[in-house]
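Here's the letter readout for the chains.
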Amino acid sequence: MKNRKRKIKNSCYAAVSIVDTHFFYSYLLLFSIGLFLFPATTSAQQYTFLQYSLKEGIAQSQVRCIMQDSRGYIWAGTLGGLSRFDGEQFYNFDKQSGLLNNQINCAIELHNGTIAVGSNGNIAFINGLGVKSISLPQPFDEEVVNTLFEDSEQQLWIGTENGLHVYSLKSASFLEQNKNLNELNNAHIKSIIQTTQNLLVLSKEKLFKITAQGAEILFAPENKETSFFDIAETKDQHLWITTRGEALIELSPNGALIKGYSGSPNLNADILTNIVSTSDGLLYMTSRFGFFKYDYQNFTSFAEREGLPTSDVRDVLEDKEGNIWLATYGSGILKFTGEAFTSFTTADGLIGDAVMSIVQDTQDHYWISTFDKGICKMIDDTIKLYDLKNISEVNRIWSSLCDLQGNLWFASSDGLFNFSNGKFKAYTSADSLPADVVLSLYEDQAGILWVGTSKGLAVWDNGAFKTMTDDKAPHKRVRCIRQDKAGNMWFATNEGVYNYNGQKFTDYSEKDGLPDNSTNCIEIDEYNRIWVGTMSGLSVLKGSQFFTQEIYNTPGSNVVNFLKYHNNTLWIGTNNGLHSAFMNGQTNEHELVFNHYGLDDGLRSLETNLNAVMVDRNNYIWFGTTEGVTKINTALLTKPRGQFAPLLTLSNIQINLQDQNWSKLGFVIDSISGLAISPKLSYKNNHLTFYFTGISTTYPNQVHYQYMLEGLDDEWKPLTTSRYATYSNLPYKSFTFKVRAMSKMGVWSEPITYSFSIVPPFWLRWWFIALEVLAGLGIAGTIGYNRNKAQKAKREKEWFEIRSKMLVLEQQSLNSSMNRHFIFNALNSIQYYINRQDKLAANRYLSDFAKLIRKNLDSSQDNLTTLRDEIERLELYLKLEHMRFKDKFEYSINIDPTLNLDLTKVPAMLVQPFLENSIWHGLLPSEKQGMVRIDIVKSHGHIEFIITDNGVGIENSLKNKSGTDNHISKGMQITQNRIDLIKKTTGQTIELRGPYQFEANADHPTGTRVEIIVPENFHELFST
């Protein structure tokens, strides 16, 4: 290493490599001068253009026209449709939206806020209600629409390549061509404007003034090859026309030619297309070779060499905040950030983009040092490159300085380099420097050079270095050195701030008020205040204590990389762009007001580099970033940008997180916003989200909002950058939503309001409440009435239950009586069989008799029995009676096979009284062979018991009755009463039909029929 360093000190600098021995002596010549000089390249300062193209959402990158409406939206007509831009987002319209053609040639805003656009063969109107497109009348339905203009009578003038058409906005129809304007009917119309004095129509060949008599030629060029493109009026009422062939023509208000500007310096185009006169009195013109600015003295050209992404510019716009927008063919739309900030990058010839230091030599040449790429020198538009690899292992330069003798010094990571008399000389630790890593340089009032290294301080005095060995001196990473007016030296290190008064060192750290011991830079203003930039903010020394102020509440803004005081302004380089603070002797150093400069202002990068700042002899400020070096023309920053309130719009309202079709909901619609006017919303639609946009074209991403809902909020909500507000579960009342927007510069817009109401449900309205009260009274009365009725029904039911139980007991008693009578007769029959010695018949009779007695006794305890048990009882009864009177009758029981005999329940002993009555009073008195038949059938949810016999009939039976044999009739009456009680207590329907006599003719009765109909699923509400 020592041999290498000695070689660097005592010999010429070697070239990186020799690629051809033919140039061996040429390289020796380079060695002899100690410098490897790369070929020079041309440079041009780069302006910043913010580009919005396909990736940002524009419909198409080929833009033909651009305009701004009264709400602040930027409209761009492209070959792929129409784009609306709010500074952050694009919304596009195309054929699917209702346009007839996606090529948009021109656009204007009508008096009512509707946007009118011209295309090929048609025009379209766009507002909050949607898109309405209209074709030009035939045979003009394929003509290219170049320009649109609305006059005071709400007539839309449509200039095409083949004449003029007028469309009435009132009647929504095209007007007949005016004969007084015949000269315009076939003209190639380029522009229509209203000037201070006249309505002017510019065709390709002539300029016309419109009067009551028609179109009067105001100006026509002498050169027939000259053709016109666009026209603008300036504040002095002069007319300016862009042309092909003459570039720019200036006319007096009455149309007299004042001057042609073809061939003017810096106006390197004979074809200029569109033109605009700005509010600050400048003219901007477009061409296929970039665009031009004219300040009435000089033209300034802006093309790709000056940073323009493409030279094909089709239209130019000055927005309401004074920003210049460009419509380009292939690069979308561009916002010109102005001329205050210009940059130089590797695209302009720099050796590297990470610029660490800038110094101006005595010949006003600029030496730009980079990180790992070496040094380059800028001489006017020429840049010469210096590669230091021949004398150093690295090309990393940290600082540079031009001393009072004109010598250049460069602090690097591999020593300190001196450039004088066209030669470099290197100094390292071998030359008494504390370390090879040199970070900072400063020449004091006495001409002594102070050198800050990674391991402490050294001074260059009388041709030699002296290391500061004082124990109190800084010994680590001295990043910045300054001297105050009293001659004291100040050092920023990674261990705090040090002061040297010529005799001793004093250190300051966090204990003394610094926000961070890692300090990067120091600056001393003209009032001898000590400012320190740290990794955690900006501090100023007051007495023996530092006080810190937050610069900006965004990430990176409080990492201070450099400080530079110039013209009462402190310039602060951070990791979030550049800040400035105006100050004077009366400024409170604890309450500085900071201005922030970022990408929207023209910076190429937000990250500045450590102590990479310089003020040149022309009062330009130069500073290094990670993407080149930037020059500030502070004279152009006297008028603050963005001093405008955002243009605020309520863009959408969602209900229950859904977009609404307000017209389908039956509300009156605002034609511009497309929103309902003062809607009354259903109680179910009480979750609302309001979307709003505050348009600031200068600083679109730094708009803040406050909102409130009158009727719910008592005060404004805190500041937010969100562009929506949500309110859920709103009560039933009227509300007014209010929102306001604040620009980056603190300018507030006027609040916009939106009124609406939530209608309560019908059950909370007065008329429904009145009905509820009436209904309540009615219900109370009904309840009282029903309660009384229920109590009465309960008493009646209890009476019926008691009566039923008495009837059951009475029937049981009757059954017992009937059983006694039946038992007596049955025992006689058994005696009869015994006397006849017919033991088999007697036993069979006795067995069946016993079964019947048991079933009757069982049924006397229950009201219901299964159908199977009832049929078995009936069959036993008929069998016993048949054995007693086998010569008198036959019987049959017919059962519907669909009946479930075990699950079906019927009232017990309901049929037997009628069956017994048929045998005893119908069949036994008859002289003929009798027949009794029982049919049990299922019909429509009911069970029918049908008892028929061929006996004497009811009428004859009643005639033959005596007063002593009416027990059966009493049993039938009891059964009828029982049926009535069951119907009342259970609510079930039991129907008794008969007994009734059926006969073939009046003289020959054929029998009696009884029908008992009970429900299939019978049940009762009580049991005995």
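It should be emphasised that the depicted structure is a prediction, and the values quoted were computed from it without experimental measurement.

Caption draft 1: Molecular detail of the sheet that holds strand β38 (residues 423-427). As summarised here, the arrangement of the four strands in space is β35-β36-β37-β38, forming an open sheet in which the pairing is antiparallel. A single partner strand is all that each edge strand has here, and the edge strands are β35 (397-402) and β38. Here the strands of the sheet are splayed against their neighbours by 20° on average, with no regard to which way each runs. Summarising the sheet, strand β36 (residues 408-412) and strand β37 (residues 415-420) pair through five bridges and their orientation is antiparallel. Residue pairing in the sheet places A411 in a bridge with L416 of β37.

Caption draft 2: The arrangement of the packing of aromatic side chains in detail. Counting across every chain of the model gives 60 aromatic pairs. On the basis of an interplanar angle of 25° and a centroid distance of 4.3 Å, the ring pair of Y500 and F505 is categorised as stacked. We classify Y500 as buried; its relative accessible area is 15%. Among the aromatic residues, those joined into a cluster by ring pairs are F690, F692, Y705, Y707, Y727, F735, F737, Y754 and F756.

Caption draft 3: Representation of a nonpolar patch on the surface within the structure. Taken together, the side chains of F762, W763, W767, I769, L771, V773, L774 and L777 define a hydrophobic patch exposed on the protein surface, amounting to about 790 Å² of accessible area. One can find L771 in helix α4 (residues 766-835).

Caption draft 4: Region of the structure containing the pairing of strand β12 (residues 155-160). For β12, the buried fraction is high: six of the six residues fall into the buried class. Going residue by residue along β12, you find Q155, W157 and G159 tucked away on one face and L156, I158 and T160 tucked away on the opposite face as well. Hairpin connection between strand β11 (residues 145-150) and β12: a loop of four residues separates the two successive antiparallel strands, and Q154 in this loop has a positive phi of roughly 55°. Sheet topology note: the β12/strand β13 (residues 163-168) ladder contains six bridges and is antiparallel. If you follow Q155 over to β13, its bridge partner there is S168. Where β12 hands over to β13, the hairpin turn is made up of two residues, counted between the paired strands.

Caption draft 5: Focus on the environment of P907. Locating P907 in the fold gives a position in strand β67 (residues 905-907). As a C-alpha pair, P907 and V1014 span 107 residues in sequence and 8.8 Å in three-dimensional space.

Caption draft 6: Examining the packing of helix α6 (residues 867-884) against helix α7 (residues 912-923) more closely. Where α6 contacts α7, the axes come no closer than 11 Å and their chain directions differ by 15°. What the angle tells us is that α6 and α7 run roughly parallel. As α6 packs across α7, the resulting crossing turns out to be right-handed. Contacts between α6 and α7 involve R873, L874, Y877, L878, E881 and R884 on the former and, on the latter, Q912, L915, E916, I919 and W920. Counted by class, the contact of α6 with α7 contains six nonpolar, one polar and four charged residues.

Rules and cut-offs
- Residues numbered from 1 in each chain as written.
- Predicted model: local features only at pLDDT ≥ 70, side-chain atom pairs only at ≥ 80, totals over all residues.
- Heavy atoms only, no water.
- Pairing = 2+ DSSP bridges.
- Helix = DSSP H or I, 4+ residues; strand = E, 2+ residues; numbered from the N terminus.
- Axes fitted to C-alpha atoms, helices over the stretch in contact; angles between N-to-C directions.
- Phe/Tyr/Trp six-rings, centres within 6.5 Å; stacked < 30°, edge-to-face > 60°.
- Buried < 20%, exposed > 50% of the residue type's maximum accessible area, 1.4 Å probe, protein only.
- Patch = residues over 30% accessible without salt bridge, like charges linked within 9 Å, V, L, I, M, F, W, Y side chains within 5 Å.
- Areas by Shrake-Rupley, 256 points an atom, 1.4 Å probe, with all protein chains shown as cover.
- Salt bridge = Lys/Arg side-chain N within 4 Å of Asp/Glu carboxyl O.
- Parallel < 35°, antiparallel > 145°, perpendicular 65-115°, else oblique.
- Left-handed = near helix turned anticlockwise from the far one by under 90°.
- Contact = heavy atoms within 4.5 Å.
- Nonpolar A, V, L, I, M, F, W, Y, C, P; charged D, E, K, R; others polar.

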